[in-house]
Amino acid sequence: VLFGNLLYEMGEYVKCRYYFENLLSVQTDKDSSSIIDIYRGLGRTYISISEFDLSLKYLNYAYDLCIKNEPSSFAKHAKILTYIGVTYDCQGKFDTALDYYFRGLEIFEKDLCHKRHIANVLNKIGMVYYSKGQDDLSLDYVEKSYKYLKNAVPEDHPDTSIYYTSMCTIYYHKGYYDKALHYQEKSHVIDKKIYPIDNHIYLSMDINNIGKCYYKKCEYQPAMKYFKESLDLARKILKKDDNYPYM
């Protein structure tokens, strides 16, 4: 299971899917704890390749089995509920996503040792409200997430980068382009430390967001510079496939 999770963290979603499917096929005890982890691994992998029906299928398998066999594993329950929320979130079913996020959050908040997970769910809730057009409520939840996050992970952590990007997204939508630029640049500084400098799509996305902020500030020269840099990097990573959605 650990190797499958590593494949997921590396972004090797197709390999991860096949690994977990193979792992599931050789299991003899269909009620074991490892089966729960395999179902959860498959569920979140299917989210990443937009196979949402299959994602829900395996995540619900994982949740039902976890409730049955590990009724006191509350953190595990909450993690699975959060992934189910992500599945609905990705499909634009925001009210259903919020229901699962809040259920997961309620469990996590019973034990403050789960500060990182609390921060993660609060950020997700905030971005759902952003998607629903409720910018102020979105900002409230994302800012609240940082109160937990700053005591749970170091500054140069991927979760901190996600927080900064969320803040950029909200302020950009509200028309505060200087603030949006400030947060996206902070995110980019972290991402350059974490990911291969010339070989990760997140870096291209960071640079593109910085370009968008300059464009909205009517600073067209730096905007063009960042757009070109973003496009060149994306084409390198995606093998010049201009039909790819990130293009």
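One can find the structure itself at the top, above this paragraph.
Report follows, based on the coordinates. (Residues numbered from 1 in each chain as written. Predicted model: local features only at pLDDT ≥ 70, side-chain atom pairs only at ≥ 80, totals over all residues. Heavy atoms only, no water.)

### Focus on the overall build of the protein chain
For the protein chain, the count of helices and strands is 12 helices and 0 strands. Secondary structure of the protein chain in N-to-C order comes out as α-α-α-α-α-α-α-α-α-α-α-α. In terms of C-alpha radius of gyration, the protein chain reaches 19 Å, essentially the compact-globule figure of 18 Å for 247 residues. Seen through its principal axes, the protein chain has C-alpha atoms that stretch 60 × 40 × 30 Å. Every one of the 247 residues in the protein chain was classed for burial, and the buried ones make up 44%. Considering only intrachain contacts with a sequence separation of at least 6, the fraction spanning at least 24 residues in the protein chain is 52%. Entry remark: accessible area of the protein chain is about 13,300 Å², with carbon and sulfur atoms responsible for 51%. (Helix = DSSP H or I, 4+ residues; strand = E, 2+ residues; numbered from the N terminus. Rg over C-alpha atoms; globule rule 2.2 N^0.38 Å. Buried < 20%, exposed > 50% of the residue type's maximum accessible area, 1.4 Å probe, protein only. Contact = heavy atoms within 4.5 Å. Areas by Shrake-Rupley, 256 points an atom, 1.4 Å probe, with all protein chains shown as cover.)

### Comments concerning the nonpolar core
Counting 71 residues, the largest nonpolar core has Ile80 and Ile125 as its most contacted members. The residues contacting Ile125, other than those within four sequence positions of it, are Leu98, Tyr101, Phe102, Leu105 and Tyr141. (Core = buried A, V, L, I, M, F, W, Y, C linked by side-chain atoms within 4.5 Å.)

### Digging into the packing of aromatic side chains
On inspection of all chains with the given rule, the structure shows 20 aromatic pairs. For the ring pair Tyr129 and Tyr141, a centre distance of 5.6 Å and an interplane angle of 25° mean the geometry is stacked. With Tyr129 in helix H7 (residues 115-131) and Tyr141 in helix H8 (residues 135-149), the pair connects residues that are 12 residues apart, well separated along the chain. Among the aromatic residues, those joined into a cluster by ring pairs are Tyr146, Tyr163, Tyr164, Tyr171, Tyr176 and Tyr183. In this structure, Lys179 packs its charged tip against the face of Tyr176, placed 5.9 Å from the ring centre. One cation-aromatic arrangement involves Lys225 over Tyr226; the distance from NZ or CZ to the ring centre is 4.2 Å. (Phe/Tyr/Trp six-rings, centres within 6.5 Å; stacked < 30°, edge-to-face > 60°. Lys NZ or Arg CZ within 6 Å of the ring centre and 35° of its normal.)

### Describing the pattern of salt bridges
Enumeration over the complete set of coordinates arrives at 10 salt bridges. Lys76 is the salt-bridge partner of Asp37, the closest N and O atoms lying 3.5 Å from each other. In this pair, Asp37 is assigned in helix H3 (residues 33-48) and Lys76 in helix H5 (residues 74-90), connecting sequence segments 39 residues apart. Overall, Lys76 belongs to the buried group, its relative accessible area being 18%. Among the ionic pairs, Lys132 bridges to Asp95, the shortest N-O distance being 2.9 Å. In this pair, Lys132 sits in the loop between H7 and H8 while Asp95 sits in helix H6 (residues 94-108), placing the two residues 37 residues apart along the sequence. Ionic contacts of the salt-bridge type, sharing partners, join the residues Asp37, Glu70 and Lys76 into one network. (Salt bridge = Lys/Arg side-chain N within 4 Å of Asp/Glu carboxyl O.)

### Let's talk about the packing of helix H11 (residues 201-216) against helix H12 (residues 220-237)
Two packed helices can be described by the angle between their axes and the distance between those axes. At a minimum axis separation of 8 Å, H11 and H12 run at an interaxial angle of 160°. If you check the angle between H11 and H12, you find them roughly antiparallel. Where H11 crosses over H12, the two elements pack in a sense that is left-handed. Along its contact with H11, which presents Ile201, Leu203, Ser204, Ile207, Asn208, Ile210, Gly211, Lys212, Tyr214 and Tyr215, the element H12 presents Tyr220, Pro222, Ala223, Tyr226, Phe227, Glu229, Ser230, Leu233, Ala234 and Ile237. (Axes fitted to C-alpha atoms, helices over the stretch in contact; angles between N-to-C directions. Parallel < 35°, antiparallel > 145°, perpendicular 65-115°, else oblique. Left-handed = near helix turned anticlockwise from the far one by under 90°.)

### Things to note about a nonpolar patch on the surface
Where nonpolar side chains cluster on the molecular surface, the patch consists of Phe3, Leu6 and Met10 and spans about 320 Å² of accessible area. The residue Met10 is located in the loop between helix H1 (2-9) and helix H2 (13-25) in this model. In this structure Met10 comes out as exposed when scored by relative accessible area, which is 52%. (Patch = residues over 30% accessible without salt bridge, like charges linked within 9 Å, V, L, I, M, F, W, Y side chains within 5 Å.)

### Remarks on H11
Spanning 16 residues, H11 covers 23 Å between terminal C-alpha atoms, matching the ideal 22 Å at 1.5 Å per step. Looking only at H11, the buried set comprises Ile201, Leu203, Ser204, Asp206, Ile207, Asn209, Ile210, Gly211, Cys213 and Tyr214. Looking at the residues trailing H11, positive phi occurs at Cys218, about 65°. (Expected span 1.5 Å × (residues − 1).)

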